[in-house]
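Structure at a glance
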Amino acid sequence: MQIANTHQEAQVIGVSSSNFGFEMNAKMYDILLSKMYTNKPGAVIRELSSNAWDAHKEAGKEDVPFDLHLPTWLDQSFYIRDYGTGIPHSQFEVIYTNVGKSTKEGSNELIGGFGLGSKTPFTMTDTFMVENWNGGIKTTWICFKDKGEPQVSKVSEEPSDEPSGLKVSFSFDDGDVPEFTKQVTKQLQFFPVKPKITGGQGNITFTPLPSDWLTKDYFYTDHYENVVIMGNVSYVFDKHAFDSDLWDVCSRGLSIKAPIGSVDVPPSRENLEMTAKTKAYITEVLFRIKEEYFSDTQDKINKCTTKWDLAKVSYKTNF
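A brief structural summary. (Residues numbered from 1 in each chain as written. Predicted model: local features only at pLDDT ≥ 70, side-chain atom pairs only at ≥ 80, totals over all residues. Heavy atoms only, no water.)

Considerations on the nonpolar core
Ranked by internal contacts, the top residues of the largest apolar core, which has 29 residues, are Phe78, Phe92, Tyr96, Phe128, Val130 and Phe180. Within the residue set of this core, elements represented by two or more residues are helix H2 (40–58), strand E1 (67–70), strand E2 (77–81), helix H3 (92–97), strand E3 (127–134), strand E4 (137–146), strand E6 (165–171) and helix H4 (177–187). If you tally residues by element for this core, the top one is H2, at 5 residues. Sequence-distant contacts of tyrosine 96, defined by excluding residues within four places in its chain, comprise Ile87, Ser118, Lys119, Phe128, Val130, Cys143, Leu166 and Val168. (Core = buried A, V, L, I, M, F, W, Y, C linked by side-chain atoms within 4.5 Å. Buried < 20%, exposed > 50% of the residue type's maximum accessible area, 1.4 Å probe, protein only. Helix = DSSP H or I, 4+ residues; strand = E, 2+ residues; numbered from the N terminus. Contact = heavy atoms within 4.5 Å.)

Concerning the sheet that holds E4
Reading across the sheet, the 7 strands line up as E5-E4-E3-E6-E2-E1-E7 and stay open at both edges, with mixed pairing between neighbours. Lying at the two open borders of the sheet, with one neighbouring strand each, are strand E5 (149–159) and strand E7 (196–199). Adjacent strand axes in the sheet meet at a mean angle of 15°, parallel and antiparallel pairs treated alike. With 5 bridges joining them, E3 and E6 adopt antiparallel strand pairing. Bridged to valine 130 within E6 is valine 168. Across the sheet, H2 touches E2 and E6, and the angle it forms with E2 is around 25°. Its contacts with the sheet place H4 against E1, E2, E6 and E7, and it is angled at close to 145° to E1. (Pairing = 2+ DSSP bridges. Axes fitted to C-alpha atoms, helices over the stretch in contact; angles between N-to-C directions.)

Focus: the sheet that holds strand E10 (residues 233–236)
With mixed pairing, 4 strands are arranged side by side in an open sheet as E8-E11-E9-E10. Each edge of the open sheet is held by one strand with a lone partner, namely strand E8 (218–220) and E10. When strand polarity is set aside, the average angle formed by the axes of neighbouring strands in this sheet is 25°. Taken together, the 4 bridges between strand E9 (residues 227–230) and E10 define a ladder with antiparallel strand orientation. Along E10, the bridge assignment pairs methionine 230 with valine 233.

Structure follows, in structure tokens:
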């Protein structure tokens, strides 16, 4: 996702000036990698799944599901394994471990861009593993915290005939088992290709969507929330942030599909950033929906030949 740069050169006259800086210590890493997310299991599933989806898209494998293993009470491990190209081994440390560095920030074809998603396991554990298959070689890396500061170490390198890609894995406490299972259906509801899921607690079912939802730029569901879907991720929005004459459009669980980059989201990607850009995009879609609704209703009314036909149109077309 393209990250907008709105910074301008300041013209300030003063006696002296100094740059603000960051001291990247354990406290700052905790703020950037953990405190940013209020829903930690949701963040891990959303961010790592988005990375897996991007990897498949870059590799031309959008129709191939990635693997997602959820913890159970007996097996408390979690992993996501994609089948993209993997990361060039000589560049792994630079690409994977730098907070804020992303290879996707110049593209609106890919979901990522903030350079934070790959580090989300640190929100729930102090240690996680990354296995990287690229060019017929497998390297295994351990990511860990040393006195609160993230570190990475390569633990093995060997030839491999397994498909290229990346696998991120870790284990965690019992209390997170049901929440992880719950968050799968919430975070991955709008992924066109669902992952191959193993483990978890109970049956995992996704809410049925309209059969033509992939081809439409908006649709209604039985869910009570109104959402914007951008890059497979849904963001709830409050209809009260818009003019009251548009509220009726949002009365049945409206889902708006937005091209990547058309609305603003914060680095946590847990909600929409209600900037002028975001409001303008949603407002334009709401007006268009309302115009289409009235046009469609008028066409149906014009075709009515009896009062009974008119009554049926009135009943079926109310928001």
